[in-house]
Amino acid sequence: MRKSIYLFAAILLTVLMGCKNSATEKAEIIDLPRAETPDSVAKALETFFQEVAKDSMDVHSVMIVKDGNVIFSRWQSEGVDTVPHVLHSVSKTFTATAVGLAINEGKMKLTDKIIDFFPDKVPANPSDNLKAMTVRDLLTMSCGHDDDPTGIIRNASDDWVKAFLAYPVKHKPGTFYCYNSLGTYVLSAIVQKVTGEKVVDYLNTRLFEPLHINKPKWEESPQGINTGGWGLYLKTEDLAKMGQLLLQNGEWNGKQLIPADWVSEMSKKQVDSVNPGTRMEQAAERGMTVETSDWMQGYGYQMWRCRPGCFRADGANGQYIIVVPEKQAVIAITSNVQNLQGELNLVWNHILPVL
């Protein structure tokens, strides 16, 4: 009898140890691996946050990944690291990722005409410019609108795609840059139409689950379509994972989640660009130049180039995924900051040199 009890105890202990080891292994997979913070990085970040406080910037979190390891992380207050943060236009990069995956699966093409996806929503007698508008034009913010039509959505009854297609297309698509969040919404609508899934669901098995990101919240239009250009919520470490995935050219744990050539196209300069809400001819009078503005380095597919030669996903009030291939590093930041250029200047001046 006593021998049976000992045997049962030994088996139980083995099972419990196995569960513990499995939990440990799972935690190591779920979270990015950690490494000790180098003294130079610790000192640089101390200065960074001193400058942030001096300039009254409300920075919520910073996470730095170097050579695949988290070497620094800091949150504004305890527990915030477990709360998904509003990403604003960082959402656009995830929508562009969904577009790339759908193209890779043969469900759509860069050259597809927008009106062909929504024949029932096209206005009577569409202009030649509207008929010429392609998926690539939406990705590069060069669909031909003279200004951003996003603000025309006023009522819950509005059909957002129909409103977009009814907006005047004054310029030949592909020739005029104008930051256009509603255009990204249309990309989301296209992905949903060709895949039969909302973007958040389409990305869940292809991106979020492999990165061990819990299925996130993504706001929707009254038509039940993810807003695309905004409205996604993720945690800081989720942003760092996405940055690391882009740094690794779309490869994660031996699996190609995003085609490498799509990452390259997303992250390189496709068109000339300027700050959202600013026209090209207004840049100089507003004191913005290629030498001083990180919004004038060129725009890819729903991503921005940066002055130091890296690239970023970028959202209002200072949400960033900054990918620095030359340093094999990723910087993820969440904030509520108005001086976005000032925030990036602090990153370039204090964080980038020590990576």
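1. Structural notes on the packing of helix α2 (residues 39-54) against helix α12 (residues 340-351)
No. 1: Taken N-terminus to C-terminus, the directions of α2 and α12 make an angle of 155°; their axes are 9 Å apart at the nearest point. Between α2 and α12, the angle is such that the two are roughly antiparallel. Crossing geometry of α2 relative to α12 is assigned as right-handed. Only L346, V347, H350 and I351 of α12 make contact with α2, whose side of the interface consists of A44, L45, T47, F48, E51 and V52.
No. 2: The class makeup of the residues in the contact of α2 with α12 is seven nonpolar, two polar and one charged.

2. Brief notes about the environment of N349
No. 1: Along the chain, N349 falls in helix α12.
No. 2: With a relative accessible area of 53%, N349 lands in the exposed category.
No. 3: A sequence separation of 305 residues divides N349 from A44, and the C-alpha atoms of the two residues are 9.3 Å apart.

3. Let's talk about the confidence of the model for the chain
No. 1: Here the chain shows a mean pLDDT of 92. Residues at 70 or above account for 91%.
No. 2: Taken together, the stretch residues 1-29 has pLDDT below 50 and engages in one contact with residues farther than four places along the chain or on a different chain.

4. Some words on the pairing of strand β1 (residues 58-66)
No. 1: The buried count for β1 comes to seven of nine residues, which makes it a mostly enclosed element.
No. 2: Bridge count for β1 against strand β10 (residues 329-336) is eight bridges, and the pairing is antiparallel. Its bridge partner lying in β10, D58 is registered against N336.
No. 3: Bridge count between β1 and strand β2 (residues 69-75): six bridges; the pairing is antiparallel. Bridging across to β2, V65 finds its partner in V70.
No. 4: Hairpin remark: β1 followed by β2, antiparallel, with two residues in the connecting loop; positive phi at D67, about 55°.

Rules behind the numbers
Residues numbered from 1 in each chain as written. Predicted model: local features only at pLDDT ≥ 70, side-chain atom pairs only at ≥ 80, totals over all residues. Heavy atoms only, no water. Axes fitted to C-alpha atoms, helices over the stretch in contact; angles between N-to-C directions. Helix = DSSP H or I, 4+ residues; strand = E, 2+ residues; numbered from the N terminus. Parallel < 35°, antiparallel > 145°, perpendicular 65-115°, else oblique. Left-handed = near helix turned anticlockwise from the far one by under 90°. Contact = heavy atoms within 4.5 Å. Nonpolar A, V, L, I, M, F, W, Y, C, P; charged D, E, K, R; others polar. Buried < 20%, exposed > 50% of the residue type's maximum accessible area, 1.4 Å probe, protein only. pLDDT = per-residue confidence, 0-100. Pairing = 2+ DSSP bridges.

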